[in-house]
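Structural description and commentary
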Amino acid sequence: MSQTREISLDATVENLPQVNAFVETFLIELSAAPKAQMQIELAVEEIFVNIAHYAYGGQVGQAVVQGKVLSEPAGLELVFIDQGQPYDPLAREEPDIDQCVEERAVGGLGIYLVKKNMDEVHYDYQQGKNILTLRKYF
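This one's a predicted model, so the numbers in the text were calculated from it and none came from an experiment.

**Looking at the pattern of salt bridges**
Tallied over the entire structure, the rule returns four salt bridges. Residue R5 is joined to E29 by a salt bridge in which the shortest nitrogen-to-oxygen separation is 2.8 Å. In this pair, R5 is assigned in strand β1 (residues 5-10) and E29 in helix α1 (residues 16-30), connecting sequence segments 24 residues apart. The closest approach of N and O atoms between E77 and K68, which form a salt bridge, is 3.8 Å. Accessibility classification places E77 together with K68 in one group, the buried group.

Written as structure tokens, this is what we have:
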């Protein structure tokens, strides 16, 4: 396994391009296929924007994104860490995607797409930190 690299920055939507650039270095290193790149980029945007909007109750807090290239099996691990309000996005009930948009409850679609596009998604809360781990295998 390769060494973990990380970026720490204010959890604001304006910093999403920096997070995307950080993740892009891993996608280039892995020569990720376009479909996998799109799936990872969608997941990164969804998770980081959710942290920016909700983790700190309207205040600005820190977010850490860690990345690591996995060798067996080959893939990418991304870990999102914040010290915001404890929140397990995986505990939320999945949206009924068969229901028409007007009748569907608001929210939950983004994390649903993250779970569908990534091979593994795990949440943990340790030492006052939300830790969401995403893995995509190639």
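**Quick word on the packing of aromatic side chains**
One pass over the structure, following the stated rule, counts one aromatic pair. Taking the centre distance of 5.3 Å and the plane angle of 80° together, the rings of F22 and F26 count as edge-to-face. Of the two residues, F22 and F26 both sit in helix α1, four residues apart, roughly one turn of that helix. We classify F22 as buried; its relative accessible area is 13%. Judged by relative accessible area, F26 falls into the buried class, the value being 0%.

**Looking at the sheet that holds β1**
Taken in spatial order, the five strands of this open sheet run β1-β2-β3-β5-β4, and their pairing is antiparallel. Strands with a single pairing partner mark the edges of an open sheet, and in this sheet they are β1 and β4 (120-126). Between one strand axis and the next, the sheet turns by 15° as a mean value, whatever way the strands run. When β4 meets strand β5 (residues 129-137), the two strands line up antiparallel, connected through seven bridges. When the sheet's bridge partners are listed, E120 is paired in β5 with R135. Contacts from helix α2 (residues 34-55) reach β1, β2 (62-71), β3 (74-82) and β5, with the element oriented near 5° to β3.

About the criteria used
Residues numbered from 1 in each chain as written. Predicted model: local features only at pLDDT ≥ 70, side-chain atom pairs only at ≥ 80, totals over all residues. Heavy atoms only, no water. Salt bridge = Lys/Arg side-chain N within 4 Å of Asp/Glu carboxyl O. Helix = DSSP H or I, 4+ residues; strand = E, 2+ residues; numbered from the N terminus. Buried < 20%, exposed > 50% of the residue type's maximum accessible area, 1.4 Å probe, protein only. Phe/Tyr/Trp six-rings, centres within 6.5 Å; stacked < 30°, edge-to-face > 60°. Pairing = 2+ DSSP bridges. Axes fitted to C-alpha atoms, helices over the stretch in contact; angles between N-to-C directions. Contact = heavy atoms within 4.5 Å.

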